[in-house]
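Each chain is listed here by its residues.
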Amino acid sequence: MSDFPRDPALIRRLLDSGRILTARAAVDAALHDAPDNVRLLQLAGRIAMVQDDAAAAAILLDRALEHAKGDAVLWVDRALAAGAMGEAKSFGRVLKRSGMPPHFAIALGDLATGRGASARGLGAADARTVRRAEAALAKRDFTTAEGVLRPALAKPGAKVLSLLAAARRGKGDPRGAAQALTAALKAEPWAAELRTALGEATARISGPLAALPHALEGVRLAPRSAPALLSAARLARAAGVERHAGPLADRALDLAPSDPLARRLGAEAALVRHDGRSAIRLASKLPSTWSDRTQVLFRAHAAARDDAAALDVLADATDTVALTLRGQLRQSMGDAEAAEADLRAAIAAEPANGTAHRALAYGTTLAEDDPALDVMRAQVDANPNARLVRYALARAIEPYDPDEAFDYLARANDLQAKAFPYDPKVDDAEWARLSGPLWDAVRTAPEGTATVDPIFVTGLPRSGTTLVESVLAAAPGITAGGELSVLQGALFPYYDALEAELRPDGSTAAAAYEAAARRRSGAEGRFTDKSIHTFLHLGALAAVMPQAAIVVVRRDPRDVALSMWRNHFPDGTQRYAATVDGIARHIALFDRVLGFWRDARPNAFHEIAYEDLLDDTEGQARALYDATGLEWTPDALSFHEKTRRIDTLSFAQVRRPVYRDSRGGWRKHEARIRPLLDALEARNLLPD
């Protein structure tokens, strides 16, 4: 057997990370060594449930129950398997013969319906006390409800504790609610409503990411409960865990197609899939009174690449959020004058709108006496933690007072790093995985046969990838996709199958990528994809899509480091870019990764230096066209004249002819970025 983990906790970690096939292979290997291990059998059953094979799960759980007939957790899982197979009635007959305590047998029967079991235990309370508490809660008289329950708290049951939690939640005490729910779950861990409620309480205390495991367990215990699914989908969306958010939203929408929240979350899920048409359909059905209906509809039209329709949705915009959205889209479209007007109006409507300040400063050159600068300074004075306004102010005043600008920038990056901390161990572990046994598996996997032929442009952020993409997209019939961000999602199941030793040929991954890429870009023919971190996956990419062309862009690391340091990236992305150490580490990672691929796949990609493109634009452009199989066109040299939407920080720069202003820009700020330069030098990253 292969070297899979045998520890159930490690296998569970694989399952929780979405690596289902690897988890299945690991548990099978572990069961080969310990075929009667109850916990392994239970885990194998749960994996089978995730794979929608309830019949296999039932067999595995029945085997486990032969060794642990009174194990309540096994019975809960067995009830869920019965429900998934539609065998609630026959399972009920099994329960009658099982000798289970009546209250537990009722709960198991409820679990088998798929709608979940409610908390039932009353403890020292009587039914009258429960009814009085429920009546008070219905009237939103939370203090009375808690008072009614207090005498029963010496020996409370799960039902009493759930009511107590509701009263505390209503009084604005999420910690007290969480304490009551935790105690209730110790008595009845199978009660789905308690898990869902604990997720909601935890979200208010520690945020959605900490709450998500509770919400997901609530869904596992009640897979046909719309409230459980909606709660989990909302928390997953808020936490940015798209692997769960989309499927949960889709399931909730299937169960409650008319529910406004289900439609709202379904629209968000469609947007994440870059399915603008589905998002438009769902957003259009939201009630006119829904608070952000027009904003969701705007984003849906923008995702469908129907910019005119998106602008039409916000034609009468007056609130700061809508004006900001419209201004940012107009920036991406190249309508700088209208964008500036929108963003100034957004700031006038809400001077604390950091997103509008940032967009204005990044897209408009502000004069030293522009009133917008006074508004920015006032916001920073009023709120020292105004992170986005600090980025905006740093960008705006740098031409006039670079020392003050870099002071603002240092504080902005400090706030960014605290809000979205970077853990380099995550990147290092991912690269170790991709370049270790997983790369060995890719090399020995069947050769890919996909004919899709995108042009991937990759490199570090701020290295010139948008410029290179623009040169390529000037060719007839080429659609500039921009940062499509769909490759990693398409490769994830491929990697999982490889680690499970299933030897996939990559055709499914290639098809998934092509479908998602075309949906997002709107391309019918050949297209570009300049997603930043494609460089990590060059080996698998070349194996899965052998017809694809890959271009890697390099730039002087000092200029890259400076540009990262002085720019704000969308919150939660490029987290390394807010600290000196993070920037140096990431540039070093890129250098290490590129060296690896040069040795491992020397002919799989074309390298271009940003500086060479500036010095010899036509020569380097011709080499790009040759490397990517494009027929040369003089239009490549006038790429800036082509009208298209550009959704990156370089939206203004690539609308100009090739310019050299930013080359060697680090020299002007050498003293100000000395820590960055020292960090690069310490890692031997400075050019000779």
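Just so you know, these numbers come straight off a predicted model, no measurement behind them. (Residues numbered from 1 in each chain as written. Predicted model: local features only at pLDDT ≥ 70, side-chain atom pairs only at ≥ 80, totals over all residues. Heavy atoms only, no water.)

A.B. asks: An account of the side chain of N567 is requested, with residue identities and associated values reported.
C.D. replies: By the secondary structure assignment, N567 is in the loop between helix 32 (557-566) and helix 33 (580-600). Of note is the side chain of N567, whose polar atom sits 2.5 Å from the side chain of R395. At a separation of 2.7 Å, a polar atom in the side chain of N567 contacts the main-chain carbonyl oxygen of S563. (Helix = DSSP H or I, 4+ residues; strand = E, 2+ residues; numbered from the N terminus. Polar contact = N/O pair within 3.5 Å; in protein donor to acceptor, adjacent residues only side chain to side chain.)

A.B. asks: Account for the packing of aromatic side chains, naming residues and giving values.
C.D. replies: With the rule as written, the count across this model stands at 13 aromatic pairs. Ring plane angle 45° and centroid distance 6.3 Å describe the contact between W75 and F91, whose orientation is recorded as tilted. One end of the pair, W75, is in helix 5 (residues 72-84); the other, F91, is in helix 6 (residues 88-98), with 16 residues separating them in the sequence. For W75, a relative accessible area of 10% translates into the label buried. Arranged with centres 5.7 Å apart and planes meeting at 75°, the rings of W431 and W597 form a pair that is edge-to-face. Of the two residues, W431 sits in helix 26 (residues 424-435) while W597 sits in helix 33, which places them 166 residues apart along the sequence. A single burial state applies to W431 and to W597, both of which are buried. Ring pairing ties together the aromatic residues W431, W439, F596 and W597, which thus form one cluster. When the ring centre of Y362 is taken as reference, the NZ or CZ atom of R358 above it lies at 4.9 Å. (Phe/Tyr/Trp six-rings, centres within 6.5 Å; stacked < 30°, edge-to-face > 60°. Buried < 20%, exposed > 50% of the residue type's maximum accessible area, 1.4 Å probe, protein only. Lys NZ or Arg CZ within 6 Å of the ring centre and 35° of its normal.)

A.B. asks: Kindly report on the packing of helix 15 (residues 242-255) against helix 16 (residues 260-272), identifying the contributing residues and their values.
C.D. replies: The N-to-C vectors of helix 15 and helix 16 enclose an angle of 135°; their axes lie 8 Å apart at closest approach. Viewed along their axes, helix 15 and helix 16 adopt a mutual orientation that is oblique. Of the two elements, helix 15 crosses helix 16, and the hand of that crossing is left-handed. Seen from helix 15, the contacting residues are E242, G246, A249, D250, A252 and L253; seen from helix 16, they are A262, R263, L265, G266, A269 and V272. (Axes fitted to C-alpha atoms, helices over the stretch in contact; angles between N-to-C directions. Parallel < 35°, antiparallel > 145°, perpendicular 65-115°, else oblique. Left-handed = near helix turned anticlockwise from the far one by under 90°. Contact = heavy atoms within 4.5 Å.)

A.B. asks: Any details on the sheet that holds strand 4 (residues 549-554)? Residues and values, ideally.
C.D. replies: Pairing is parallel in the open sheet, where five strands are placed in the order 2-3-1-4-5. Of all strands in the sheet, those bounded by a partner on one side alone are strand 2 (479-480) and strand 5 (606-609). Bridge count between strand 1 (residues 455-459) and strand 4: five bridges; the pairing is parallel. By the bridge assignment for strand 4, V457 is matched with V551. Of the strands in this sheet, strand 1, strand 4 and strand 5 touch helix 33, which is tilted by about 140° from strand 4. Against the sheet, helix 35 (residues 617-628) contacts strand 1, strand 4 and strand 5, and its axis sits at roughly 165° relative to strand 5. (Pairing = 2+ DSSP bridges.)

A.B. asks: I'd like a description of helix 22 (residues 354-363), backed by residues and values.
C.D. replies: A turn of α-helix holds 3.6 residues, and therefore any two residues three or four places apart point the same way. Where burial is concerned, most of helix 22 is hidden: eight out of the ten residues are buried. Within helix 22 the residues assigned to the buried category are G354, A356, H357, R358, A359, L360, A361 and Y362. Against helix 20 (320-333), helix 21 (336-349), helix 23 (371-382), helix 24 (387-397) and helix 32 lie the buried residues of helix 22. Here helix 22 starts with a cap whose side-chain oxygen sits 3.2 Å from the backbone nitrogen of T355, and that cap is N353.

A.B. asks: Could you give an account of helix 16, with specific residues and numbers?
C.D. replies: Here helix 16 is 13 residues long and its end C-alpha atoms lie 18 Å apart, about the 18 Å a rise of 1.5 Å per residue gives. Extensive coverage of helix 16 is indicated by the burial of ten of its 13 residues. For helix 16, the complete set of buried residues consists of A262, R263, R264, L265, G266, A267, E268, A269, A270 and L271. Buried positions along helix 16 lie against helix 14 (226-239), helix 15, helix 17 (276-284) and helix 18 (293-303). Backbone geometry just downstream of helix 16 places H274 in the positive-phi region, at approximately 65°. (Expected span 1.5 Å × (residues − 1).)

A.B. asks: I'd like to hear about the nonpolar core, residue by residue, with values.
C.D. replies: Counting residues in each nonpolar core, the largest one holds 100 residues, and the members touching the most others are Y494, Y513, M545 and I587. Of all the elements, helix 33 adds the most residues to this core, at nine residues. Not counting residues within four places of it along the chain, the set of residues in contact with Y494 comprises V442, A445, P504, D505, G506, A509, A540, A543 and V544. In this structure, L40, L80, M100 and A107 belong to the second largest nonpolar core, which totals 47 residues. (Core = buried A, V, L, I, M, F, W, Y, C linked by side-chain atoms within 4.5 Å.)

A.B. asks: Can you tell me about unusual backbone geometry, naming the residues and giving the values?
C.D. replies: Phi at R140 takes a positive value of approximately 60°, unusual for a residue other than glycine. Of note, R140 is situated in the loop between helix 8 (127-138) and helix 9 (142-149). Take R140: its relative accessible area is 62%, and that puts it in the exposed class. Positive phi values are uncommon outside glycine, yet S485 reaches one of about 55°. With respect to the helices, strands and loops of the structure, S485 is situated in the loop between strand 2 and helix 29 (487-499).

A.B. asks: Tell me what's going on with the packing of helix 24 against helix 25 (residues 402-419), and back it up with residues and numbers.
C.D. replies: The interhelical angle for the contact between helix 24 and helix 25, taken along N-to-C directions, is 155°, at an axis separation of 8 Å. Relative to helix 25, the element helix 24 lies roughly antiparallel. Pair helix 24 / helix 25 crosses with left-handed handedness. Only P402, E404, A405, Y408, L409, R411, A412, N413, L415, Q416 and A419 of helix 25 make contact with helix 24, whose side of the interface consists of R387, R390, Y391, L393, A394 and I397. Split by residue class, the contact of helix 24 with helix 25 holds eleven nonpolar, two polar and four charged. (Nonpolar A, V, L, I, M, F, W, Y, C, P; charged D, E, K, R; others polar.)

A.B. asks: Hey, could you go over the pairing of strand 4 for me, with residue numbers and the actual values?
C.D. replies: When you tally the buried positions in strand 4, you get five out of six residues, the bulk of the element. Of the pairings in the sheet, the one linking strand 4 to strand 5 comprises four bridges and is parallel in character. Its bridge partner lying in strand 5, V551 is registered against H606.

A.B. asks: Could you give an account of a negative patch on the surface, naming the residues involved and the relevant values?
C.D. replies: Where like charges cluster on the molecular surface, the negative patch consists of E368, D369, D374, D401 and D407. Summarising the element assignment, D401 is placed in the loop between helix 24 and helix 25. (Patch = residues over 30% accessible without salt bridge, like charges linked within 9 Å, V, L, I, M, F, W, Y side chains within 5 Å. Areas by Shrake-Rupley, 256 points an atom, 1.4 Å probe, with all protein chains shown as cover. Salt bridge = Lys/Arg side-chain N within 4 Å of Asp/Glu carboxyl O. Lys, Arg positive; Asp, Glu negative; His and termini not counted. Charge placed at Lys NZ, Arg CZ, Asp CG, Glu CD.)

A.B. asks: Break down the pattern of salt bridges for me, citing the residues and quoting the values.
C.D. replies: Once their charged atoms are close, side chains differing in charge can pair, the charge on each being opposite to the other. Per the stated rule, a full pass over the model turns up 45 salt bridges. The partner of D292 in a salt bridge is R264, with the nearest N and O atoms 2.5 Å apart. Remark: R264 occurs in helix 16 and D292 occurs in the loop between helix 17 and helix 18; sequence separation between them is 28 residues. Given the relative accessible area of 14%, R264 is considered buried. Members of the salt-bridge network, linked through shared partners, are R19, E430, R433 and E499.

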